[in-house]
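Structural characterization, general
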Amino acid sequence: MMSHYLEFKNITKTFPGVKALDEVSFGVDSGSIHGLVGENGAGKSTLLHTLSGAFQPNKGQIIIDGKQRNFSGTRDALDTGIAVIYQELNLVPEMTVAENLMVGNFPHKKGFVDHHELMEKARQQIEGLMEDFDPDTKLKDLSIGQRQMVEIGKALLQNARIIAFDEPTSSLSEREVKHLFKIINNLKEQGCAIIYVSHRMEEIFKLCDACTVFRDGKHIETYRDMENVTHDLLVQKMVGREIKDIYGYEPRDKGKTIFQVKGIYGPGISKKAEFEVAAGEVVGFFGLVGAGRTELFKLIYGEEAVESGEIRVNGERVEINNPKTAIKNSICLLPEDRKDEGIIGIRSVSENINVSCRRHSLKAGLFLDKEKEKETTDIFIKSLDIKTPSREQLAGNLSGGNQQKVILSRWLSEDVEVFLMDEPTRGIDVGAKYEIYKIMYQLAGEGKAVVFISSELPEVMGVADRIIVMRSGEIVGSLDREEATEEKILSMALPVS
Amino acid sequence: ADVKIGFLVKQPEEAWFQDEWRYAEEAGEDYGFEVIKIGTTDGEKVLSAIDNLAAQGAQGFIICTPDVKLGPAIKARADMQGLKFMSVDDRFVGSDEQPMEEVHHMGISAYNIGKLVGKTLVEQMNEMGWDYDEVGYLEMTYNQLPTIAERTNGATDVLLEKGFPEANRYESPMKTLDTEGSFNAANITITKHSDVDKWIIAGGNDSSVIGAVRALEGQGFGADQVIGIGINGSNFAINEFEKNEPTGFYASVKLSARQHGYETAELMYKWIAEGEEPPKVTWTAGTLMHRGNYEELMD
Amino acid sequence: MDNSGVKSKLSLKYFYDNYSIIVIFVVMFILLSIFVPYFFTWRNMVGLALSVVTIGIIANTMMFALGSGDFDLSVSSTVAFSGVMAAVIINATGNVWLGIFAGIIGGGIVGIINGFSIAKLGLNALIVTLATQMIFRGMAFILSGGRAVGIREAGFFKLGNSMIFGIPTPIWIIIISFIIFGILLNNTVFGKNTLAIGGNTKAARLAGINVDFTKITIFTLQGIMAGFAGVILASRMTSGQPNAAQGLELDVISACVLGGVSLNGGIATMSGVIVGVLIMGMISNALNLLNVPTFYQYVVRGAVLLIAIYLDKLKQRNL
Amino acid sequence: MDNSGVKSKLSLKYFYDNYSIIVIFVVMFILLSIFVPYFFTWRNMVGLALSVVTIGIIANTMMFALGSGDFDLSVSSTVAFSGVMAAVIINATGNVWLGIFAGIIGGGIVGIINGFSIAKLGLNALIVTLATQMIFRGMAFILSGGRAVGIREAGFFKLGNSMIFGIPTPIWIIIISFIIFGILLNNTVFGKNTLAIGGNTKAARLAGINVDFTKITIFTLQGIMAGFAGVILASRMTSGQPNAAQGLELDVISACVLGGVSLNGGIATMSGVIVGVLIMGMISNALNLLNVPTFYQYVVRGAVLLIAIYLDKLKQRNL
Ligand SMILES: Nc1ncnc2c1ncn2[C@@H]1O[C@H](COP(=O)(O)OP(=O)(O)OP(=O)(O)O)[C@@H](O)[C@H]1O
Ligand SMILES: Nc1ncnc2c1ncn2[C@@H]1O[C@H](COP(=O)(O)OP(=O)(O)OP(=O)(O)O)[C@@H](O)[C@H]1O
Ligand SMILES: [Mg+2]
Ligand SMILES: [Mg+2]
């Protein structure tokens, strides 16, 4: 057997109650892009954490260029030429872009930061990423997509020989994805060994030269040649069963209009927004990054104060001042940034699910019904297949995709009419995506209004009954499923020159 | 120019110092000068207060220092700023551990007050016909503050001198110098010596005795089994005397805030305005305040 | 999935991992009972309990304040202020109940000011409560003229000095308060919301929790309980004292943190807080029983605190 | 992309938004100069500066400790301990320099213990520093026998009481310390790492920053500076006082927070801290000049603090 540039040998990593990696072995070549796929919680991120020295494996070795390496910390790994772009952003919100790019690695003379070089390098790097923000802006003022690009830029600055990407595209726009692929291909050209984790199968096929599948912490298969690998085969290896049509679209009857947004205007919106959703309808919002979709949802949900406009549910005008009143009026929102806005990381899965709905099931109008809460939790752990050792596990310890399912459960357990979902399938595996779509259809089937944001064009086209397109803060059009084509949608979404 | 006199005290919240201030102001009204009152709880605040006084054109000040060892520093600062000054209550001590004779002072030594407490305890025990061997002595100490320590030492020394058995002396260190601190410290001592059925109490001020009295009451000790003597004759003490039933808080050594406040201010004024140097030291006396006489002694 | 690693909820190890501070407390308690004379006597137990009444009552609500990610430094002044308030009102009206009520309300007002400033105006909790600490200490002094206000109605002293079934009333009060706040924390929406807010304020808001309202409630409760503690203290000491309880806030916060409450919010247990309060009280108590000289007490108290938190930390390494 | 909202770095509004506390300070200063007699006199300015020497010196490093997301309550005891240490050593050896050195090293030891416990043992900073606060206050008492230790070498008093170009030496020291720590914060890798750790510890660790080392360094520096402040104080007082600086830690932390340092870490500016220190000092100074009665001083000081932080907050709404 040919030896690989980077080799994992029998890597095992356990957490309390979880065997995240179980005797995993495979190799990655230099000058190649190696895809890594698997369900949520399969252990992909954990593997990358052991590669970067952030976790120490319980067992096994990492062999680089024939030499065995044991990293006691991230510094070791960085110095060995390993850079990892983690799934969750690890940036310092209060620092500038330039500083974030160079954290841990400041250009300095005898300990004094060389500000000139810092800015120069940062400017070059931002240019290299084909972005156009000022290196002096605070990181917290960037959009998620832009932050993701900063995270990538930071890793690339390490001049590493081994670079691992953990779902880098989950919050990037089409345009940024294109740039990223160009960058990754360049790295490959330069002979780097690249690991690429994604739940988007089409990306794996477009980008990768080889591919490894994980399931439940175990290595299932490594394909050295992508020629004979089909989409269906990969999916089957991942989830252990066959999924033919991932969108599984089911047409439904439309009821009467139950959700109306009239003339909503506020921060981030450039023209009063109007749209309606009927019972049983699934509506997709598409737009480029910064199109204002998230802002619009936040206005509707009462997270930001509206300057004008009204919202009607079931024909009744409702007064929304904050998220609480939104929920009372039967509207819920699945936030875009699950780490910051969704998950309460240091509380249990059960508490995260019950945080909102528990007020409906009080004993004597005052005391929590703990049995009921457990029951609710167990139902969703089962029905959404949330991978967790117990309902008492801290939500912050779950894999990214499973966290998303927890937040989704939070709203499914509430009895609301209108579901606003901001990127509901971000970071979710194929199998679970399929489940989530089914849930969306099912909700619609029960007469609810489902509105979701997606930056993936195929997803919007595959799932939505109707597609609303936004461009720089305004709604520019609405297309029915039948009339929607890729060209039509994109021509609406792209900025008019 | 207008005469301005600073009056700096170490514990501005204490009733005692509030009184001193009040009487100093009375003197100010009588003689027509302004009293600038500043609380200086530690050495650093004393120095800034002196600077502050100089900045607003005061000509002299009276001080009860938070620490007697600050004497040389205060003197140096005051001389530098050209301010006349005298100490009240606590006398400065030089780096040679001796009182600074050159600084004008009015006060009563902490140790002597303590001795008066001890003397009264002895008298009172004799009056009640108690056998010293059966009496427990709650010595409520707070050694973090040297002047408080001197007061309790004074009381203890007299007791031992008069034949009170050392073995019956139970030191009860207080965590905080307030009633609750005294309550908790006393409670522990009482617990340790549950066979004792008569108690005497001495402490650095009224509240450190009253907390102990409360603790004893909680364990069923009435006024006939307890003799507590505080220091200051503050409201704490008066509250006790005003109760319908006598409590174990027998008396308090009343110091004359009036004398300390009014006369020091007066002396300082005359020094500034008329160039009449005050006597180097003036010793004042403490008087015993109890149920029988407290109304006359109240200011 | 491999479940062999999942610990049974009933195993001893599970208990130690989750309640290590309780184990540390029990061990400490046993050791002190054996080696410190008079420690394990009824009288001393009562004395020990009485010595933690003020700090214990306030720790209840401090647990909520810290749990929600905030900080409250104003409690010490609130105790003094409400004690003085109660004393002044009782003397003025001769009505004990009115006085108790006034003291508690006085505390509640401090709490509302804190809560409003922090939740509605969005001001930093540390600075706000430091400011109200100063303001209400000043108010206590002004109201009392700087002197202890002796209370003339003997009926008032019952609150602090009577016994029920042979146990002093304040001890009953603290036990009841632990039960009530324990239930509030574990079994009500309010308690869970508090921890959710402390865990991730933004997420809590988006999940429909009325964050501002919850915070104001917490601080108001905190003020009320501090006020109540002040009234009890006044009753025990038979006077309202403007300089009572100085520095109390750090003792209370330390007891909570020792009991596992996170300063970053989101984590708090009633059992931990009770034990934290008891450990703090026990250390002082034992040191005095052992006749440790004052100055060495500081050192020993600090060292014991360090050791306790270190032992508590150890368990997390064993996972 | 729409860039019209991006503010020019040079505009007045930008300045107010980012440095509002400085604007508040300047306005306060002008108002006090106009309305408070003697406030704006050379003597009073010098007195004001001297009154913030201890708090100012320590605020430098407290800024780093808070900036990295930690907390240090031990500084007050460190000041007392190192002052006593210096006094004892000077009296024992007659060597002034040895005494100064011993005081500073004494402070450094407190800092190392704090840093090691927090960074390496992973203990909670609040409890650790509260414990060392107790321990070293006790040590100060033990070392001094509970009384101030008068210093016999007059040469030592120069440090605190001499003048250079007509300005007292301690003021020069504090100015220099502000410059050094300002540079350290803004222009060195150490400063940037501190803020990165405070802003997102995990990110900092993953980026390869040696978090433990940085924290230990911060606390050691903190100890050294507190020790240095203690030595200067002893020199000014001509004695080492075991009781010195009680409650100082809250003043220092408040000054930092007032100056915009975040208690959650990650945000700190030197200019803010300087202004925070000055505001705290200015309030006390003006109240004394105005001869405000003690009890009302509490209320006014608290109220001014509230107003200052409220005004500072207002700017964030105008964005
Ligand atoms: N710090 C932790 N503590 C406990 N369990 C953890 C921790 N980190 C990860 N796990 C568990 O390890 C398993 C593998 O997680 P990992 O994050 O590697 O999954 P993943 O393949 O990256 O999934 P996803 O696609 O959702 O990101 C999961 O069951 C997760 O709950
Ligand atoms: N926290 C923030 N601070 C400043 N600007 C922001 C912030 N969040 C978003 N923006 C900006 O607001 C604009 C609208 O962003 P929004 O997130 O609504 O877009 P979107 O259509 O939802 O795109 P995305 O795909 O990124 O979610 C963008 O220009 C973005 O840069
Ligand atoms: Mg992952
Ligand atoms: Mg968005």
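All values reported here derive from a predicted model rather than from experimental measurement.

**What to know about the relation of the copies chain C and chain D**
Both copies of the chain are related by one operation, a rotation about an axis with a shift along it. You can overlay chain C on chain D at an RMSD of 0.2 Å; the transform is a turn of 180° with a shift of 0.1 Å along its axis. Accordingly, the operation relating the two chain copies is best matched by a two-fold axis. When you check the interface residues of chain C against chain D, 100% turn up at the interface there too, and the contact is symmetric in its surfaces.

**Considering the coordination of the magnesium ion (ligand 4)**
The protein atoms that coordinate the magnesium ion (ligand 4) are T294 of chain A (OG1) and E336 of chain A (OE), at distances of 1.8 to 2.4 Å. Separated by 42 residues along the polypeptide, T294 of chain A in helix α9 (residues 293-300) and E336 of chain A in the loop between β18 (331-334) and α11 (338-342) bring together distant segments of the chain.

**A few points about the domain arrangement of chain A**
All names here are of chain A. Looking at the assigned domains, one finds that chain A contains domain 1 (6-239) and domain 2 (256-493). For domain 1 versus domain 2, the distance between C-alpha centres works out to 29 Å. Contacts between the two partners involve 28 residues from domain 1 and, on the opposite side, 24 residues from domain 2. At the junction of domain 1 with domain 2, the criterion picks out 3 salt bridges. The tally of links from domain 1 across to domain 2 stands at 4 residue pairs in polar contact (both at pLDDT 80 or more). At the level of secondary structure, the elements contributing two or more residues to the side of domain 1 that touches domain 2 comprise α6 (174-189), α7 (201-207) and α8 (231-239). Among the elements that take part in the side of domain 1 that touches domain 2, α8 stands out by supplying 3 residues, more than any other. A class-by-class count of the residues in the side of domain 1 that touches domain 2 yields 9 nonpolar, 11 polar and 8 charged.

**Notes on the site of ligand 1**
Residue and element names in this part refer to chain A. Taken together, 20 residues lie near ligand 1, and G41, K44, S45, T46 and H199 sit nearest. A distance of 2.5 Å separates an oxygen atom of ligand 1 from a polar side-chain atom of T46. A distance of 2.7 Å is found between an oxygen atom of ligand 1 and a side-chain nitrogen or oxygen belonging to H199. Considering ligand 1 on its own, with 640 Å² of exposed area, one finds that the protein chains cover 90% of that surface. Mapped by element, the contributors of at least two residues to the shell around ligand 1 are β2 (18-28), α1 (44-51) and α14 (400-412). At 3 residues, the largest contribution of residues to the shell around ligand 1 is made by α1. Across the shell around ligand 1, the residue classes tally to 5 nonpolar, 12 polar and 3 charged.

**Notes on the UniProt feature "domain: ABC transporter" (unreviewed entry) in chain A**
Annotation from UniProt places "domain: ABC transporter" (unreviewed entry) at residues 6-241 and 253-497 of chain A. Helix makes up 33% of residues 6-241 of chain A and strand 28%, with an end-to-end C-alpha separation of 31 Å.

**A few points about helix α3 (residues 71-81) of chain B**
Listed in full, the buried residues belonging to α3 of chain B are G71, A73, I74, R77, A78 and Q81 of chain B. What you see down the axis of α3 of chain B is that its buried residues fit within an arc of 165°, all on one side. In this structure, the buried residues of α3 of chain B make contact with α2 (43-55), β3 (60-63) and β4 (84-88) of chain B together with α2 (42-51), α7 (158-161) and α11 (211-237) of chain D. Directly beyond the C-terminal end of α3 of chain B, a positive phi value near 70° is found at G82 of chain B.

**As for the coordination of the magnesium ion (ligand 3)**
All names here are of chain A. At the metal site, the magnesium ion (ligand 3) is ligated by S45 (OG) and Q87 (OE1), and these contacts range over 1.9 to 2.1 Å. In this pair, S45 is assigned in helix α1 and Q87 in the loop between β6 (82-85) and α3 (97-102), connecting sequence segments 42 residues apart. Take S45 and Q87: they sit in the same class, and that class is buried.

About the thresholds
Residues numbered from 1 in each chain as written. Chains lettered and ligands numbered in written order. Predicted model: local features only at pLDDT ≥ 70, side-chain atom pairs only at ≥ 80, totals over all residues. Heavy atoms only, no water. Least-squares fit on C-alpha atoms with pLDDT ≥ 70 in both. Contact = heavy atoms within 4.5 Å. Donors = N, O, S within 2.8 Å, 3.2 Å for Na, K, Ca; no water. Helix = DSSP H or I, 4+ residues; strand = E, 2+ residues; numbered from the N terminus. Domains from an automatic or database assignment. Salt bridge = Lys/Arg side-chain N within 4 Å of Asp/Glu carboxyl O. Polar contact = N/O pair within 3.5 Å; in protein donor to acceptor, adjacent residues only side chain to side chain. Nonpolar A, V, L, I, M, F, W, Y, C, P; charged D, E, K, R; others polar. Near = heavy atom within 4 Å. Areas by Shrake-Rupley, 256 points an atom, 1.4 Å probe, with all protein chains shown as cover. UniProt positions renumbered as here; feature names shortened; annotations may be inferred. Buried < 20%, exposed > 50% of the residue type's maximum accessible area, 1.4 Å probe, protein only. Arc of directions from axis to C-beta.

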